[in-house]
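Remarks on the overall topology
Chain residues, written in single-letter form:
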Amino acid sequence: MPQITPHLWFDKEAVEAAEFYTATFPGSKVTNVSRITDTPSGDCDIVSFELLGQPFQAISAGPLFAFTPAISFLVRCQTVDQVDALWSQLSQGDPLMPLASYPFSERYGWTNDRYGVSWQVMLDTRGQIDQAIVPTLMFVGDVCGKAEEAASLYTSVFPESRVDHVQRYEEGEEPNEPGTVRHLYLDLGGYKLAAMDSAHDHGFGFNEAVSLMVGCESQEEIDHYWDGLSAVPEAEQCGWLKDKFGVSWQIIPADLDELMSGTEEQTARVTQAFLQMKKFDLEELKRAREGE
């Protein structure tokens, strides 16, 4: 199975934010910092890091996109102290739901952090937690009511995938339509995502500030995920695509970091090669690295 990695687009703060997150989440670390030059956004810092054992990546590439709660990160904690410690750091931005007791959790809060990234912090005592941080997609506006359809698409594209459970809105929960998704979990080959519909007037939607990177071992895998997910031709660039719901994905070679880690000249050649691509051509990237 390809590895799914959340990707965060910052103006200039990627390294600073990664250091903040790894200091906030126990047992976390920055694993790599690199820079690519001569891109349409100028020189870009790229930082890879792990939070609670899960991979993340971030880039500083200019003020093109703003974070929104359309994709947030649900952090499942097993103690109240863990919830409170994370909340004290992450809630320094804009709280959306105050830290309190709710019907679904004795201790829960939803907040934007100091960089605008959206987090849900929840006490979850239902058993062992195999993935502590779950990217959560909220379908609003024109795609409200599409959460279940999106889950069906994603589980059809990723092998060995399933929808774990679905909770639905009921009568009396207007403006949400009965039968639409209050919350669902889906398992994409071992990687958990969550999704929900919300018919309230939020004034935001999906954008490229948060995307999901899919690391592929072969051109066949790249072709499979690209063909299965891409639905907006004008959004196709440098391995990026948008699906029919507006969610951004990056379909990349699993060894892209290795391809980019040679000499300065090799890195420049690979960078210039992929900047000309829509879908990545793995063999062409390898030839560019070798100067062929």
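Treat the numbers as computed from the prediction; the structure is a model and nothing was measured.

What counts as what
- Residues numbered from 1 in each chain as written.
- Predicted model: local features only at pLDDT ≥ 70, side-chain atom pairs only at ≥ 80, totals over all residues.
- Heavy atoms only, no water.
- Helix = DSSP H or I, 4+ residues; strand = E, 2+ residues; numbered from the N terminus.
- Polar contact = N/O pair within 3.5 Å; in protein donor to acceptor, adjacent residues only side chain to side chain.
- Contact = heavy atoms within 4.5 Å.
- Buried < 20%, exposed > 50% of the residue type's maximum accessible area, 1.4 Å probe, protein only.
- Pairing = 2+ DSSP bridges.
- Axes fitted to C-alpha atoms, helices over the stretch in contact; angles between N-to-C directions.
- Core = buried A, V, L, I, M, F, W, Y, C linked by side-chain atoms within 4.5 Å.

1. Things to note about the side chain of Asn207
For Asn207, the location among the structural elements is in the loop between strand S12 (191–197) and strand S13 (210–216). Engagement of the side chain of Asn207 in a polar contact is seen with the backbone oxygen of Ala66, the distance being 2.8 Å. Within the structure, the side chain of Asn207 is placed 2.9 Å from the backbone nitrogen of Ala209, a separation counted as a polar contact. Not counting chain neighbours up to four residues away, the residues in contact with Asn207 comprise Ala66, Thr68 and Ser248.

2. Some points on the environment of Arg126
Counting through the fold element by element, Arg126 comes out in the loop between strand S8 (118–123) and strand S9 (133–139). In sequence terms Arg126 and Gln78 are 48 residues apart; their C-alpha atoms lie 8.7 Å from each other. When neighbours within four sequence positions are excluded, Arg126 is seen to be in contact with Arg76 and Tyr185. One polar contact links Arg126 to Asp124, side chain to side chain, over a distance of 2.6 Å.

3. Observations regarding unusual backbone geometry
Residues Glu174 and Pro175 are joined by a peptide bond in cis, for which omega reads 10°. Position of Pro175 relative to the elements: it lies in the loop between strand S10 (161–168) and strand S11 (181–188). Phi is positive for Leu52, which is not a glycine, with a value near 50°. Despite not being glycine, Cys238 has its phi angle at roughly 55°, a positive value. Inspection of the secondary structure puts Cys238 in the loop between helix H4 (219–229) and strand S14 (240–242). Since its relative accessible area comes to 16%, Cys238 is described here as buried.

4. What to know about the sheet that holds strand S15 (residues 248–253)
Judged by pairing direction, the sheet is mixed, and its seven strands sit side by side in the order S2-S3-S4-S1-S13-S15-S14 without closing on themselves. The two strands at the open ends of the sheet, each matched to only one other strand, are strand S2 (29–39) and S14. Adjacent strand axes in the sheet meet at a mean angle of 25° when their direction is disregarded. As paired elements, strand S1 (residues 3–10) and strand S4 (residues 54–60) share four bridges and run parallel to each other. Directly across from Trp9, in S4, lies its bridge partner Ile59. The strands touched by helix H1 (residues 14–24) within the sheet are S1, S2, strand S3 (42–51) and S4, with S3 carrying the most contacts at an inclination of about 10°.

5. Looking at the nonpolar core
Core analysis: the biggest nonpolar cluster contains 86 residues, and Phe10, Tyr21, Trp119, Tyr154, Trp249, Ile251 and Phe274 have the highest contact counts within it. Looking at this core, the element that brings in the most residues is helix H3 (residues 147–157), giving six residues. Beyond its immediate stretch of four places on either side in the chain, Ile251 contacts Val214, Cys216, Ile222, Tyr225, Trp226, Leu229, Gly239, Leu241 and Phe280. Membership of the second largest hydrophobic core comes to 11 residues, among which are Leu74, Tyr108, Met122 and Ala194.

6. Describing the environment of Asp257
Note on placement: Asp257 falls in helix H5 (residues 256–259). Judged by relative accessible area, which is 48%, Asp257 ranks as partly exposed. Measuring from C-alpha to C-alpha, the distance between Asp257 and Val134 comes to 24 Å, with 123 residues separating the pair along the chain. For Asp257, the contacting residues outside a window of four places in its chain are Ser48 and Gln57.

7. Some thoughts on the sheet that holds S12
If you trace the eight strands from one edge of the open sheet to the other, you get S6-S7-S8-S5-S9-S12-S11-S10, paired in mixed fashion. The open sheet terminates on both sides in strands that have one partner only, identified here as strand S6 (94–102) and S10. When strand polarity is set aside, the average angle formed by the axes of neighbouring strands in this sheet is 20°. Here strand S5 (residues 71–77) runs beside S8; their pairing, made up of five bridges, is parallel. When the bridges of S8 are listed, Val75 appears paired with Val121.

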